[in-house]
Amino acid sequence: MEFRQILGKILILCGFIYVMTRILITGASRGLGLEFTKQYLDRGDFVIATCRQPEKAKELEKLQKDFGDNLEIEELDVTSEKSKEILYQKLLDKSFEINLLINNAGIISGNEKESSSFGELYKEDFNKVFQVNSVSPILISEKFLPLLKNVSEPKIVNISSMSGSISNRTRSGGYAYSSSKAALNMMTKTLSNELKEMEITVVAIHPGWVKTDMGGENAPLELESSITSIINVIDSLSIADTGKFLDWQRNEVQW
Ligand SMILES: NC(=O)c1ccc[n+]([C@@H]2O[C@H](COP(=O)([O-])OP(=O)(O)OC[C@H]3O[C@@H](n4cnc5c(N)ncnc54)[C@H](OP(=O)(O)O)[C@@H]3O)[C@@H](O)[C@H]2O)c1
C-alpha cells in the first residue's frame, strides 16, 4: 500500500470525512490517463477508467485488485458511436453520476507515433487526428452531459496542448496534431459558454511536456508530478474559471 493510500485511511479513521469525486477518464490505459486514475484512486475517489481494449490494460487490472469497487474499467473507443452508446447505457443502468469528465485520449498522428512533416502530409492522418483529439471530446461531453447535470461542482476538463496555442506558435511541423488541439481549444471555449448557465465548468489544460509514450523520454516533466499538479488545478476550479486555457501550474495560456 502506498503512502497516500495509508494517509487516506488514517484520515478516514480519525474522523475526517472525504467527499468522493466521481470521475470518468478517457484513454486510461497508459500515460496521463492511467496516472490520473492512480492518483484519484489513491486519494479515495471513484474512477470510471475507459480504454479501447480493457483486456489488454494490465495496469488497470492491477489497480482493480487494490481498489476494487472504487474502480470501474470500461471499454470506450472515443471515435466509435457504438462504443459510446453502450457505455452510456451501462452507466445509466447503474445510475452512475459523475462530477468530473476528463477528455484525455489523444494521438499525435494517424499512425499514432511520429507526426508527418510538410512534404509528407496525407489526408487520412488529419482525419484520424481530428476525430480523436477535437471531435471526440465535444461528442463525449454531449453524450455524457446528463450524468453531470445533478451533481455538485460539475467539471469538464479537456487535455489540450501548448501546441494548440496559435499565439505561442514559433515552430513549423506537427500540422495535424497542433491544429487539432487549436480546434479542441475552440470547442472548449464554445462549450463553456453553452454550459455556463448550468454551472458546469469547462476548461482546457496543457499538461506540460511529459514523459509518456507520446511525450517521449526527453520530456522534462515526470508523469507523477504533472498529474499531481493538474489534480490540484482541477480541485481549485470554480465556475469563475470556465472557458480558460490553463497549464499544469495554473498559469493561463494564450489561445
Ligand atoms: N505527453 C505529453 O507531453 C503531452 C503534452 C501535451 C498534451 N498531451 C495530451 O495529453 C493526452 C494524453 O497523452 P499521453 O502523453 O498520455 O499519450 P499516450 O501515452 O500516447 O496515451 C494516449 C492514450 O490515449 C488513448 N487513445 C488513443 N486513441 C484512442 C481512442 N480512439 N479511443 C480511446 N482512447 C484512445 C490511448 O489508448 P491505447 O492504449 O488503446 O492506444 C492511450 O491510453 C493527449 O490528449 C495528449 O495530446 C500530452
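Note: the structure precedes this text.
What comes next concerns the included structure. Remember, predicted model here, so these are calculated numbers, not experimental data.

It is worth spelling out the overall build of the protein at this point. Counting its secondary structure elements, the protein contains 7 helices and 7 strands. Overall, the protein shows an N-to-C arrangement of helices and strands of α-β-α-β-α-β-α-β-α-β-α-β-α-β. Whereas a compact globule of 255 residues would reach a radius of gyration of roughly 18 Å, the protein reaches 18 Å, a difference of no more than 12%. With respect to the principal axes defined by its C-alpha atoms, the protein has extents near 60 × 40 × 35 Å. Here the protein, with 255 residues, has 47% of them falling under the buried criterion. Across the protein, contacts joining residues at least 24 apart in sequence account for 67% of those joining residues at least 6 apart.

Turning our attention to the pairing of strand β1 (residues 22-25). Where β1 meets strand β2 (residues 46-51), 4 bridges bridge the pair, whose relative direction is parallel. When the bridges of β2 are listed, Arg 22 appears paired with Phe 46. Bridging between β1 and strand β4 (residues 100-103) involves 3 bridges; their strand directions are parallel. The partner of Leu 24 across the bridge, within β4, is Leu 101.

Considering the arrangement of structural elements, one finds Thr 21 in the loop between α1 (3-13) and β1. By relative accessible area, which is 19% here, Thr 21 ends up buried. With 234 residues separating them in the primary sequence, Thr 21 and Trp 255 have C-alpha atoms 29 Å apart. Excluding its chain neighbours within four sequence positions, the residues that come into contact with Thr 21 are Arg 43, Asp 45, Phe 46, Asn 99 and Leu 100.

The next subject is the packing of helix α5 (residues 123-148) against helix α6 (residues 175-195). Interaxial distance between α5 and α6 falls to 8 Å at its minimum, and their mutual angle equals 20°. Viewed along their axes, α5 and α6 adopt a mutual orientation that is roughly parallel. As for how α5 packs across α6, the hand of that crossing is right-handed. On the side of α5, the interface is formed by Asp 125, Phe 126, Val 129, Phe 130, Asn 133, Ser 134, Pro 137, Ile 138, Ser 141 and Leu 145, while α6 contributes Tyr 175, Ala 176, Tyr 177, Ser 179, Ser 180, Lys 181, Ala 183, Leu 184, Met 187, Leu 191 and Leu 195.

A few words on the packing of aromatic side chains. Counted by the stated rule, this structure contains 5 aromatic pairs. Ring centres of Phe 118 and Tyr 175 lie 5.9 Å apart, and the angle between their planes is 45°; this geometry places the pair in the tilted category. Taken as a pair, Phe 118 in the loop between β4 and α5 and Tyr 175 in helix α6 lie far apart in primary sequence, 57 residues in all. Taking the ring centre of Phe 46 as reference, the NZ or CZ of Arg 22 above it sits at 4.7 Å.

With respect to spatial proximity, 27 residues lie near the ligand, and among them Ser 29, Arg 30, Arg 52, Tyr 177 and Thr 212 are the closest. A distance of 2.8 Å is found between an oxygen atom of the ligand and a backbone nitrogen or oxygen belonging to Val 210. Here Thr 212 contributes a side-chain N or O atom positioned 2.5 Å from an oxygen atom of the ligand. Burial of the ligand by the protein chains amounts to 93% of its free accessible area of 900 Å². Elements with a contribution of two residues or more to the shell around the ligand: α2 (31-42) and α6. When the residues that make up the shell around the ligand are grouped by side-chain class, the tally is 12 nonpolar, 10 polar and 5 charged.

Soluble globular proteins tend to pack their nonpolar side chains together in the buried interior. In this structure, Phe 36, Tyr 40, Val 47, Leu 60, Ile 102 and Ile 234 are the most contacted members of the largest nonpolar core, which totals 33 residues. Secondary-structure elements contributing two or more residues to this core are β1, α2, β2, α3 (58-67), β4, β5 (155-159), β6 (201-206) and α7 (223-236). Ranked by residues supplied to this core, first place goes to α7 with 6 residues. Dropping the residues within four chain positions of it, Ile 234 is found in contact with Phe 36, Tyr 40, Leu 100, Ile 102, Lys 155, Val 157 and Ile 205. Among the nonpolar cores identified, the runner-up in size contains 26 residues, and Ile 48, Val 129, Ile 140 and Phe 144 belong to it.

The subject of this paragraph is the sheet that holds β2. The strand order across the open sheet formed by 7 strands is β3-β2-β1-β4-β5-β6-β7, and the pairing between neighbours is parallel. Single-partner strands in this sheet number two, and they are β3 (71-75) and β7 (245-247). The mean inter-strand angle of the sheet, taken between neighbouring strand axes irrespective of direction, is 20°. Against the sheet, α5 makes contact with β1, β4 and β5, and its axis sits at roughly 170° relative to β4, the strand it touches most. Sheet strands touched by α6: β5, β6 and β7. Its angle to β6, the strand with the most contacts, is close to 160°.

The rules behind these values
- Residues numbered from 1 in each chain as written.
- Predicted model: local features only at pLDDT ≥ 70, side-chain atom pairs only at ≥ 80, totals over all residues.
- Heavy atoms only, no water.
- Helix = DSSP H or I, 4+ residues; strand = E, 2+ residues; numbered from the N terminus.
- Rg over C-alpha atoms; globule rule 2.2 N^0.38 Å.
- Buried < 20%, exposed > 50% of the residue type's maximum accessible area, 1.4 Å probe, protein only.
- Contact = heavy atoms within 4.5 Å.
- Pairing = 2+ DSSP bridges.
- Axes fitted to C-alpha atoms, helices over the stretch in contact; angles between N-to-C directions.
- Parallel < 35°, antiparallel > 145°, perpendicular 65-115°, else oblique.
- Left-handed = near helix turned anticlockwise from the far one by under 90°.
- Phe/Tyr/Trp six-rings, centres within 6.5 Å; stacked < 30°, edge-to-face > 60°.
- Lys NZ or Arg CZ within 6 Å of the ring centre and 35° of its normal.
- Near = heavy atom within 4 Å.
- Polar contact = N/O pair within 3.5 Å; in protein donor to acceptor, adjacent residues only side chain to side chain.
- Areas by Shrake-Rupley, 256 points an atom, 1.4 Å probe, with all protein chains shown as cover.
- Nonpolar A, V, L, I, M, F, W, Y, C, P; charged D, E, K, R; others polar.
- Core = buried A, V, L, I, M, F, W, Y, C linked by side-chain atoms within 4.5 Å.

Everything listed is a geometric property; what it means functionally is a separate question.
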